[in-house]
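Chain by chain, the residues run as shown.
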Amino acid sequence: MKKDMAEQTPNGNKVSLPVIKRLPKYYRYILDMYSNGVVKVSSSELARMMGTTASQVRQDFNCFGGFGQQGIGYHVDVLLDEIAKLLFSANSLNAVLIGTGRLGRAISGYLSSEARGYHLMAAFDKSPDEIGKKLQCGVVVQNVSNLSDFCVQNHPDVAVLCIPRSAAQAVAPVLVEAGVKGYWNFSHYDLSVDYEGVTVENVHLGDSLMSLGYRVRNL
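Residues numbered from 1 in each chain as written. Predicted model: local features only at pLDDT ≥ 70, side-chain atom pairs only at ≥ 80, totals over all residues. Heavy atoms only, no water.

Q: I'd like a rundown of the packing of aromatic side chains, residues and numbers included.
A: For the structure on display, the rule yields eight aromatic pairs. Seen from their ring centres, Phe61 and Phe67 are 5.1 Å apart, and the 55° between their planes marks the pair as tilted. Using a relative accessible area of 1% as the deciding quantity, one classes Phe61 as buried. By relative accessible area, which is 10% here, Phe67 ends up buried. For the pair Phe124 and Phe150, a centre-to-centre distance of 5.5 Å together with 70° between the ring planes defines the contact as edge-to-face. Within this pair, whereas Phe124 is found in strand β6 (residues 118-125), its partner Phe150 is found in helix α6 (residues 147-154), the two being separated by 26 residues in sequence. (Phe/Tyr/Trp six-rings, centres within 6.5 Å; stacked < 30°, edge-to-face > 60°. Buried < 20%, exposed > 50% of the residue type's maximum accessible area, 1.4 Å probe, protein only. Helix = DSSP H or I, 4+ residues; strand = E, 2+ residues; numbered from the N terminus.)

Q: Tell me what's going on with helix α1 (residues 17-35), and back it up with residues and numbers.
A: In this model, α1 (19 residues) spans 28 Å end to end at C-alpha, consistent with the 27 Å of a helix rising 1.5 Å per residue. Here α1 has its buried residues at Leu17, Val19, Leu23, Tyr26, Tyr27, Ile30 and Met33. Where α1 ends, the next residue or the one after it, Gly37, has phi of about 80°, a positive value. (Expected span 1.5 Å × (residues − 1).)

Q: I'd like to hear about the side chain of Asp60, residue by residue, with values.
A: Within the secondary structure layout, Asp60 lies in helix α3 (residues 54-62). Among the residues examined, Asp60 registers a relative accessible area of 2% and is labelled buried. A polar contact is formed between the side chain of Asp60 and the side chain of Tyr26, at a distance of 2.7 Å. Sequence-distant contacts of Asp60, that is, excluding residues within four places in its chain, are made with Val19, Arg22 and Tyr26. (Polar contact = N/O pair within 3.5 Å; in protein donor to acceptor, adjacent residues only side chain to side chain. Contact = heavy atoms within 4.5 Å.)

Q: Before we move on, could you go through the layout of surface pockets and cite the residues and values that matter?
A: Using a probe with the size of a water molecule, rolled over the atoms, empty space left in the structure can be pinpointed. Empty space within the second largest pocket amounts to approximately 270 Å³. If you trace the second largest pocket, you find 15 residues lining it, with Asp125, Lys126, Ile163, Pro164 and Ala167 closest to the centre. Residue contributions to the lining of the second largest pocket peak at three residues, all from helix α7 (residues 165-177). Considered class by class, the residues forming the lining of the second largest pocket number nine nonpolar, three polar and three charged. (1 Å grid on protein atoms, 1.4 Å probe; cavity = no way out; pocket = protein on both sides within 12 Å on 5 of 7 lines; lining within 4 Å. Points joined across faces, edges and corners; volume = space filled by probe spheres on them. Nonpolar A, V, L, I, M, F, W, Y, C, P; charged D, E, K, R; others polar.)

Q: Now, about the environment of Ile72: what can you tell me, with residues and values included?
A: Position of Ile72 relative to the elements: it lies in the loop between α3 and β4 (74-75). Judged by relative accessible area, Ile72 falls into the partly exposed class, the value being 43%. Between the C-alpha atoms of Ile72 and Lys40, which are 32 residues apart in sequence, the distance is 8.8 Å.

Printed below as a string of structure tokens:
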């Protein structure tokens, strides 16, 4: 993925990362429409919601087969179902959480109660004050020294990193060696720079706040 920043769909089409990143936004808007009884929606209407063009909406959907017939709009229920198939699976992705401080605990709550398609199977920390405690979701925090053995035995799909950059650099080889392919990364250390074949979603809360501050000050 790093070379061309694209993923391959089941039908063999190449889909760019920007298109993939727009899918959750499409899903949110379409789910809201479905919940409010909307039956059909045009590409122009979706474009207004998304802040893009009707042409871009059609191009995005054509990457996955089109989802409808041009000129008559999209059936909202069909659109919702097709995008859900792309974003979710019948089998949840098993996740491990590394770091159970304030951010980690907040993320664990989200993963266990709101995140569709994920199952938090274990949590790890190095602090004696955290080890042995039970998270709100019922998962007991384990010593990070057990991480390698746990991953080898249980084969998690995703690791959630809520630890400092230096700690992430130290734990990354363990996770990659154990075969973990996906990373939801709050650590500010980008694993994809050093490791081929992993998929990383970097989350920079500070970047988001700085961008907001710039935009507010320069309205």
